[in-house]
Amino acid sequence: MTDGNRSSGVSAQFTRVAGEFPDRVALRFLSGDGTVTERTYAQLVAERDPVAAALAAEFAPGDRALLLLPPTGPQFVAAFLGCVHAGLVAVPVPLPASGRLNRAGDRLAGIVADCDPVVALVADAAGLPPGVLPDAVRPLALDTLPPAPATGLPDRAPDEIAFLQYSSGSTGTPKAVCNTHDAVLRQVDQLNAMWGFPEPIHVAGWLPLYHDMGMLQQALLPLLTGGTATMMSPATFAADPARWLRAASTYRANWIAGPDFGFARCVEAVPAAEAATLDLGAIRYVANGAEPIREQTVRRFAAHFAAAGLPPRR
């Protein structure tokens, strides 16, 4: 729990939680081919530290670091935590795909011009489409980083920026929201204060981590309170929306979060017979947000999955 015992920075809070629950599953990633990848808190620390050490050795606190990575999963989370641990400002952005660089490339160019990053964290140097980054932004391939502890790094001040959250830019130039360490921890505190149950928070979701709900509610809420984040990529969800609720059923998630259209897609894509085979009885909170919420969607979702043990109200 963060409230009343808050460290001054996001990474310090994560380190404290990881020290308290080193063997607890912090993150579970479900790939489209059915592979399940898990990380305990201790393992996430071990993956965070080489990122932080490499960044701290070459860059200054406050420098901006693009996260040009697949949109969910352990690598993205470790890279984000490494940035904030080293004192850099993380800038999560969508990874432009080869062959689809026009719109995505224009959006990325606008972000680069706005925040002036010095480094871009990438999964591997060969996987980055050519021409995506200007020469002034150095790519740092995560697969080349040697294991290393991140020692001697000072904690971050509450008013320092932890990460920049850019709007989609679908109707104009992307605009950044400056999320300070204090603001992030206050948001987690507020969500955590809603909880009020003895079990740790376990969120299941599919939103990309460059999305505000994806980052804050799907990742940081469980990871900064000693819970578990079960996630899949947006593409995995889109291919079969039932995978989201199957994951919540199998792994006993108690909090699911997504936009209105995601809940509508589940009603449309999951037949009543399959819905009855799920066990959603562990769910305490269903968070519908990040776009206009339709009462009809909420009612249809609750009714459709009542047979799975999802009550209309807790």
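Residues numbered from 1 in each chain as written. Predicted model: local features only at pLDDT ≥ 70, side-chain atom pairs only at ≥ 80, totals over all residues. Heavy atoms only, no water.

1. Focus: the packing of helix α2 (residues 41-58) against helix α3 (residues 74-86)
Inference 1: The interhelical angle for the contact between α2 and α3, taken along N-to-C directions, is 50°, at an axis separation of 7 Å. The angle between α2 and α3 falls in the class oblique. Here α2 and α3 pass one another in a crossing that is right-handed. Facing α2, whose interface residues are L44, E47, R48, D49, V51, A52, L55 and A56, α3 presents P74, V77, A78, A79, L81, G82, C83, H85 and A86. (Axes fitted to C-alpha atoms, helices over the stretch in contact; angles between N-to-C directions. Helix = DSSP H or I, 4+ residues; strand = E, 2+ residues; numbered from the N terminus. Parallel < 35°, antiparallel > 145°, perpendicular 65-115°, else oblique. Left-handed = near helix turned anticlockwise from the far one by under 90°. Contact = heavy atoms within 4.5 Å.)

2. Brief notes about the confidence of the model for the protein chain
Inference 1: Put simply, the protein chain has an average pLDDT of 89, and 92% of its residues get 70 or more.
Inference 2: At the level of individual helices and strands, the protein chain shows its lowest average pLDDT in helix α4 (residues 101-115), which scores 78, and its highest in strand β1 (residues 25-30), which scores 98.
Inference 3: Throughout residues 1-7 the model reports pLDDT below 50, and contacts reaching past four residues in sequence, or to other chains, amount to 23 contacts. (pLDDT = per-residue confidence, 0-100.)

3. Notes on the sheet that holds strand β10 (residues 228-232)
Inference 1: The strand order across the open sheet formed by six strands is β2-β1-β10-β9-β11-β12, and the pairing between neighbours is mixed. At either end of the open sheet lies a strand with only one pairing partner, and these are β2 (36-40) and β12 (285-288). On average, each strand axis in the sheet is tilted by 15° relative to the strand beside it, whichever way the strands run.
Inference 2: The pairing of strand β11 (residues 255-258) with β12 spans four bridges and is parallel. Directly across from A257, in β12, lies its bridge partner A287.
Inference 3: Contacting β11 and β12, helix α9 (residues 260-269) runs over the sheet at an angle of about 115° to β12. (Pairing = 2+ DSSP bridges.)

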